[in-house]
Amino acid sequence: MSAFTENIQFDREDIEFAVPVDLPQELEEELQRLEKSFTVDTATLKKISKRFGEELKAGLERDADIPMNVTWVTAFPTGQERGTYLTIDLGGTNLRICLITLNDEPGGSDVKQEKYPLAAEIKTGAADDLFSHIADRLGEFVKKHVKDDEAKDEEGKVPLGFTFSYPATQHRIDHGILQTWTKGWDVDGVEGNDVADLLNKAIQKRNLPVKLVALVNDTTGALIASAYNDPDTIIGAVFGTGCNAAYMERVSQIPKLKGKGTTADSDASTATSEQSRAQKDDPLMAINCEYGAFDNSHEILPRTRYDELIDEQSPRPGEQTFEKMSAGLYLGEILRLILVDLRDNQLFFTSAKLTDEQNKALETPYILDTEFLANLENDGSESLSDSKSAFQKFLADLTPSFDELRFSQALAKLIAIRGARLCACGASAICSRIGTRYGHVAADGSMAVKHPRFKERWEDAVREILDMRMGALGHEGIELTNAEDGSGVGAAVICALTLGRTSSKDGGGGKVDGTH
Ligand code: GLC
């Protein structure tokens, strides 16, 4: 055990430690300092999660940092949902369009899909370019894949689910006003406008036989797609470029819906005291938390100066505080900022002078991605040769010394461990809120799916926060599962729920009435 581990208090003794031994003293001290600022111990996790719960509650009551967006998805699927739907997923790197048939196998689906690259300029361009691009690709897709009239409704149109993974205020399910761009997007003319309307106009202009039925967040999609197959699903989460979750809330517990014609108009306090109240009197509403915005008031998260720098240099400083410390988009960038600092303080890259090109590469924001970070951490070779090649590849042939590689590996580990442990706070706060200690958190996103240690670290942290024993038997345990295809199948199932299309009339989850 290294000297650095002594001050850290975890509940579990077998928790991993990040730091290698036998580094030159200057580096060892620096690493010690970094380990201290990046370590989130159990007591801090608990405090963060408690505060998280308070912010979730505030968002259900009023305009607050965490928006707790009402989605108008008001039922879990039963697996009996049917029909054929088009879906669009506006992702970070690709635009994915699918034609999805929910087939007769319970929870089954047939999928035809195409991916179209999204040029980086589109993400920071103008609204018209973005929505024209989407509608043009949709037109190509329909021409190629929608062969017969079977998929069309009585108006001759195919229903469409649009997965738009940004915070949107929805007054109905087929509508959504963008609150703010997140994840580095900055398309002019969209914030404050209805993205469904912008897409509809582009579709109408091209006369496409398509009708937008539902606007869906990726987390709500993950929740519904996974519940379609796994009834133990309690939360849909994304730990990818961004970080967020959706879950089902009781309408009586959403005071801000009062006056909107839902059952929230009955007294919430009465609702909670009547434990036996029938479900039909207190229906469900999926909430897209948008909890990347947690702690925007900077009260509880242990931010480092690197987190502050990321925020300052982002297109929306002051927003998405939690996401900027824990999501995939930012982890590689945190590593890069520390490496720059180490260089500037003459602790790193001292043996040979860096070339102008190498300095320029190192100073390029977001040049190191989360995959770089994960590969660095997982390089099990003694000489760290793969990591050396990765540095050379990404940073203009920059070749770190062996000690620098070992230091960087420890750093990658510290950053990833902190990210996974912070991510656990959001889900734990939701579990506490809905009073559950058992269930599956269906997760999508590069960190959850591709980072080999994320699941274990996240589950350990959830257990620490909720005081659960390792391997507890019976109905206790929050497990991270792989989400089903939320932006495809999830969006299609939400269309089916919205239109009330089920294989049996009384077996369905009920028509979603987005016009409450
Ligand atoms: C960002 C978005 C949110 C999305 C998440 C994961 O936090 O604001 O809508 O769910 O990223 O993609």
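Everything quoted here is computed from the prediction, not taken from an experiment.

1. As for the packing of aromatic side chains
Alright, step 1. Summed over all chains, the structure comprises 18 aromatic pairs.
Alright, step 2. Note on Trp181 and Trp185: the rings are 5.5 Å apart at their centroids and 25° apart in plane angle, and the pair reads as stacked.
Alright, step 3. For Trp181, a relative accessible area of 1% corresponds to the buried category.
Alright, step 4. Pairing Phe239 with Phe454 gives two aromatic rings, centres 5.1 Å apart and planes at 45°, and the pair type is tilted. Here the residue Phe239 occupies a position in strand β9 (residues 233-239), and Phe454 occupies one in helix α15 (residues 454-466), the gap between them amounting to 215 residues.
Alright, step 5. Ring pairing ties together the aromatic residues Phe162, Phe164, Tyr166, Trp181 and Trp185, which thus form one cluster.

2. Quick look at the sheet that holds strand β5 (residues 158-163)
Alright, step 1. The strand order β4-β3-β2-β5-β8 describes an open sheet built from five strands, whose pairing is mixed. The sheet terminates laterally at β4 (109-117) and β8 (210-216), the two strands that pair on one side only. Pairs of neighbouring strands in the sheet enclose a mean axial angle of 20°, with direction left out of account.
Alright, step 2. Across eight bridges, strand β2 (residues 83-90) lies against strand β3 (residues 94-102) in antiparallel orientation. Bridging from a neighbouring strand, Ile88 pairs with Ile97 of β3.
Alright, step 3. Each of β2, β3, β4, β5 and β8 touches helix α3 (residues 127-145); the most contacted strand, β4, lies at about 135° to it.

3. Some thoughts on the environment of Ala120
Alright, step 1. By the element assignment, Ala120 lies in the loop between β4 and α3.
Alright, step 2. Under the relative-accessibility criterion, Ala120 is labelled exposed at 53%.
Alright, step 3. For the pair Ala120 and Thr93, spaced 27 residues apart in the sequence, the C-alpha separation amounts to 8.0 Å.

4. With respect to empty space enclosed by the protein
Alright, step 1. Summed over all chains, the structure comprises four cavities of 30 Å³ or more.
Alright, step 2. Its boundaries defined by the atoms lining it, the second largest cavity holds a volume of some 70 Å³.
Alright, step 3. What lines the second largest cavity is simply Asn69, Val70, Thr71, Phe164, Tyr166, Ala168, Gln170, Leu215, Val216, Asn217 and Asn288.
Alright, step 4. Elements that contribute at least two residues to the lining of the second largest cavity include exactly β1 (69-70) and β8.
Alright, step 5. Residue composition of the lining of the second largest cavity, by class: six nonpolar, five polar and no charged.

5. Considerations on helix α2 (residues 42-61)
Alright, step 1. For α2, built from 20 residues, the straight-helix expectation of 28 Å at 1.5 Å per residue is met to within 8% by its first-to-last C-alpha distance of 29 Å.
Alright, step 2. Along α2, the positions that sit buried rather than exposed are Thr42, Leu45, Ile48, Ser49, Phe52, Glu55, Leu56, Ala58, Gly59 and Leu60.
Alright, step 3. On its buried face, α2 sits against β10 (243-250), β11 (284-288), α8 (321-326), α13 (402-434) and α15.

6. Side note on the pairing of β3
Alright, step 1. Burial analysis of β3 places seven of its nine residues in the buried class, which makes it a mostly covered element.
Alright, step 2. Here β2 folds back onto β3, and the loop between the two strands holds three residues.
Alright, step 3. By the bridge criterion, nine bridges tie β3 to β4 in an arrangement that is antiparallel. Within β4, the position partnered with Ile100 by the bridge is Val111.
Alright, step 4. In sequence, β3 turns back onto β4 through a hairpin of six residues, with Gly107 there showing a positive phi of about 75°.

7. Digging into the sheet that holds strand β13 (residues 477-482)
Alright, step 1. Strand order in the open sheet formed by six strands is β1-β11-β10-β9-β12-β13, with mixed pairing between adjacent strands. At either margin of the open sheet sits one strand with a lone partner, and together these are β1 and β13.
Alright, step 2. As judged from the five bridges shared by β10 and β11, these two strands associate in the antiparallel manner. Note that in β11 the partner of Arg250 across the bridge is Leu284.

8. Here's the deal with the site of the ligand
Alright, step 1. Close to the ligand lie 15 residues; Thr182, Asn217, Asp218, Glu290 and Glu323 are nearest.
Alright, step 2. The contact in question runs from an oxygen atom of the ligand to an N or O atom on the side chain of Asn217, over 2.8 Å.
Alright, step 3. Considering the ligand on its own, with 310 Å² of exposed area, one finds that the protein chains cover 98% of that surface.
Alright, step 4. Sorting the residues of the shell around the ligand by element identifies α5 (218-229) and β10 as the ones contributing at least two each.
Alright, step 5. Within the shell around the ligand, the residues separate by chemical class into four nonpolar, seven polar and four charged.

9. As for the environment of Asn94
Alright, step 1. Looking at the element boundaries, Asn94 is found in strand β3.
Alright, step 2. Of the residues examined, Asn94 reaches a relative accessible area of 29% and is grouped as partly exposed.
Alright, step 3. Sequence separation between Asn94 and Pro117 is 23 residues; the distance between their C-alpha atoms is 4.6 Å.
Alright, step 4. What Asn94 contacts, discounting residues up to four positions off in sequence, is Asp89, Lys115, Tyr116, Pro117 and Leu118.

10. Things to note about the pattern of salt bridges
Alright, step 1. Applying the stated criterion to the full structure yields 34 salt bridges.
Alright, step 2. For Lys144, the salt bridge is made with Glu114, and the minimal N-O distance between the two is 2.7 Å. Placement of Lys144 in helix α3 and of Glu114 in strand β4 is noted, with a sequence separation of 30 residues between them.
Alright, step 3. Judged by relative accessible area, which is 49%, Lys144 ranks as partly exposed.
Alright, step 4. As a salt-bridge pair, Asp403 and Arg406 come within 3.3 Å of each other at their nearest N and O atoms.

Thresholds, definitions, all that
- Residues numbered from 1 in each chain as written.
- Predicted model: local features only at pLDDT ≥ 70, side-chain atom pairs only at ≥ 80, totals over all residues.
- Heavy atoms only, no water.
- Phe/Tyr/Trp six-rings, centres within 6.5 Å; stacked < 30°, edge-to-face > 60°.
- Buried < 20%, exposed > 50% of the residue type's maximum accessible area, 1.4 Å probe, protein only.
- Helix = DSSP H or I, 4+ residues; strand = E, 2+ residues; numbered from the N terminus.
- Pairing = 2+ DSSP bridges.
- Axes fitted to C-alpha atoms, helices over the stretch in contact; angles between N-to-C directions.
- Contact = heavy atoms within 4.5 Å.
- 1 Å grid on protein atoms, 1.4 Å probe; cavity = no way out; pocket = protein on both sides within 12 Å on 5 of 7 lines; lining within 4 Å.
- Points joined across faces, edges and corners; volume = space filled by probe spheres on them.
- Nonpolar A, V, L, I, M, F, W, Y, C, P; charged D, E, K, R; others polar.
- Expected span 1.5 Å × (residues − 1).
- Near = heavy atom within 4 Å.
- Polar contact = N/O pair within 3.5 Å; in protein donor to acceptor, adjacent residues only side chain to side chain.
- Areas by Shrake-Rupley, 256 points an atom, 1.4 Å probe, with all protein chains shown as cover.
- Salt bridge = Lys/Arg side-chain N within 4 Å of Asp/Glu carboxyl O.

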